[in-house]
Amino acid sequence: EGMVAYNTYSSSKLINDTTGVSGIFVSGDFHVKYSFNRFMPTSAKWFDPYLTGGLGVTYRTVRDNPLNPSVNLGFGMNFWLTKRWGLQLQTVGKLALVNDIYNSNADYIQHSAGIVYRMQPLKKPFKQGKAQYKWVHGKQRYKRKNTG
């Protein structure tokens, strides 16, 4: 999964225990998911809870060091409205990869809601272990005449 988030800071809002600060926030993340949907009863396949984790990077103009990479862990759920389309709710904790990793004000939690599309699985062009073209391994249909 790939995600991009963009937000602006308003000077009237409280940001890190401070007001009067304005700026922008941009983050990009790549995650893998483990879905628990296969453990759900057939009647509840519309509900798809999952765990997620991955790497990301965040750019915030309100920080002294504005660019921070992060390790991300979270959970979420998809609500499938059709076979392919659904709604997603997710919460991800982002642990910034900085010098003081455990006591950093660069760590944060991000909540998100979105629309998801389930892609069709790729079809294999031919079956593994079987010849793609029958004529390659078929019987010979002609015999060479002996002229000697």
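Quick caveat: nothing in here was measured; it's all calculated off a predicted structure. (Residues numbered from 1 in each chain as written. Predicted model: local features only at pLDDT ≥ 70, side-chain atom pairs only at ≥ 80, totals over all residues. Heavy atoms only, no water.)

## Quick look at a nonpolar patch on the surface
Item 1. A surface patch of nonpolar side chains, amounting to about 730 Å² of accessible area, comprises Leu 81, Trp 85, Leu 87, Ile 115, Tyr 117 and Met 119.
Item 2. Broken down by secondary-structure element, the contributors of at least two residues to the nonpolar patch are β5 (85–96) and β6 (108–117).
Item 3. Within the element layout of this structure, Trp 85 appears in strand β5.
Item 4. Residue Trp 85 is classed as partly exposed on the basis of its relative accessible area of 45%. (Patch = residues over 30% accessible without salt bridge, like charges linked within 9 Å, V, L, I, M, F, W, Y side chains within 5 Å. Areas by Shrake-Rupley, 256 points an atom, 1.4 Å probe, with all protein chains shown as cover. Salt bridge = Lys/Arg side-chain N within 4 Å of Asp/Glu carboxyl O. Helix = DSSP H or I, 4+ residues; strand = E, 2+ residues; numbered from the N terminus. Buried < 20%, exposed > 50% of the residue type's maximum accessible area, 1.4 Å probe, protein only.)

## Side note on the sheet that holds strand β2 (residues 23–35)
Item 1. If you walk across this open sheet you meet the six strands as β1-β2-β3-β4-β5-β6, and the pairing is antiparallel. Looking at which strands have only one partner, the edges of the open sheet turn out to be β1 (2–9) and β6. The average undirected angle you get between the axes of adjacent strands in this sheet is 30°.
Item 2. In the sheet, strand β3 (residues 47–60) pairs with strand β4 (residues 67–80) via 13 bridges, with the strands oriented antiparallel. Within β4, the position partnered with Leu 55 by the bridge is Val 71. (Pairing = 2+ DSSP bridges. Axes fitted to C-alpha atoms, helices over the stretch in contact; angles between N-to-C directions.)

## So, the confidence of the model for the protein
Item 1. Summarising the model, the protein shows a mean pLDDT of 83, and 80% of its residues fall at 70 or more.
Item 2. When mean pLDDT is compared element by element in the protein, β3 scores highest at 95, while helix α1 (residues 134–137) scores lowest at 57. (pLDDT = per-residue confidence, 0-100.)

## Some thoughts on the packing of aromatic side chains
Item 1. Applying the stated criterion across every chain, the model contains seven aromatic pairs.
Item 2. Taking the centre distance of 5.7 Å and the plane angle of 85° together, the rings of Phe 25 and Tyr 108 count as edge-to-face. On the criterion of sequence distance, the pair formed by Phe 25 in strand β2 and Tyr 108 in strand β6 is long-range, its members being 83 residues apart. Comparing Phe 25 with Tyr 108 shows no difference in burial state: the two are buried.
Item 3. Each ring, one from Trp 46 and one from Phe 47, has its centre 5.8 Å from the other, and the planes form 55°; the classification is tilted.
Item 4. Of the residues examined, Trp 46 reaches a relative accessible area of 46% and is grouped as partly exposed.
Item 5. Looking at Phe 47, the relative accessible area reads 21%, which means it is partly exposed. (Phe/Tyr/Trp six-rings, centres within 6.5 Å; stacked < 30°, edge-to-face > 60°.)

## Brief notes about the side chain of Ser 70
Item 1. Positionally, Ser 70 belongs in strand β4.
Item 2. In terms of polar contacts, Ser 70 uses its side chain to reach the side chain of Asn 72, at 2.8 Å.
Item 3. Apart from residues lying up to four places away in sequence, Ser 70 is in contact with Gly 54, Leu 55, Gly 56, Val 57, Lys 94, Leu 95, Ala 96 and Leu 97. (Polar contact = N/O pair within 3.5 Å; in protein donor to acceptor, adjacent residues only side chain to side chain. Contact = heavy atoms within 4.5 Å.)

## Thoughts on the pattern of salt bridges
Should their charged atoms come close, side chains of opposite charge can pair.
Item 1. Inspection of every chain in the model, using the stated rule, returns two salt bridges.
Item 2. The closest approach of N and O atoms between Lys 33 and Glu 1, which form a salt bridge, is 3.0 Å. You can see Lys 33 sitting in strand β2 and its partner Glu 1 sitting in the segment before β1, a full 32 residues away along the chain.
Item 3. Lys 94 is the salt-bridge partner of Asp 29, the closest N and O atoms lying 2.5 Å from each other. Taken as a pair, Asp 29 in strand β2 and Lys 94 in strand β5 lie far apart in primary sequence, 65 residues in all.

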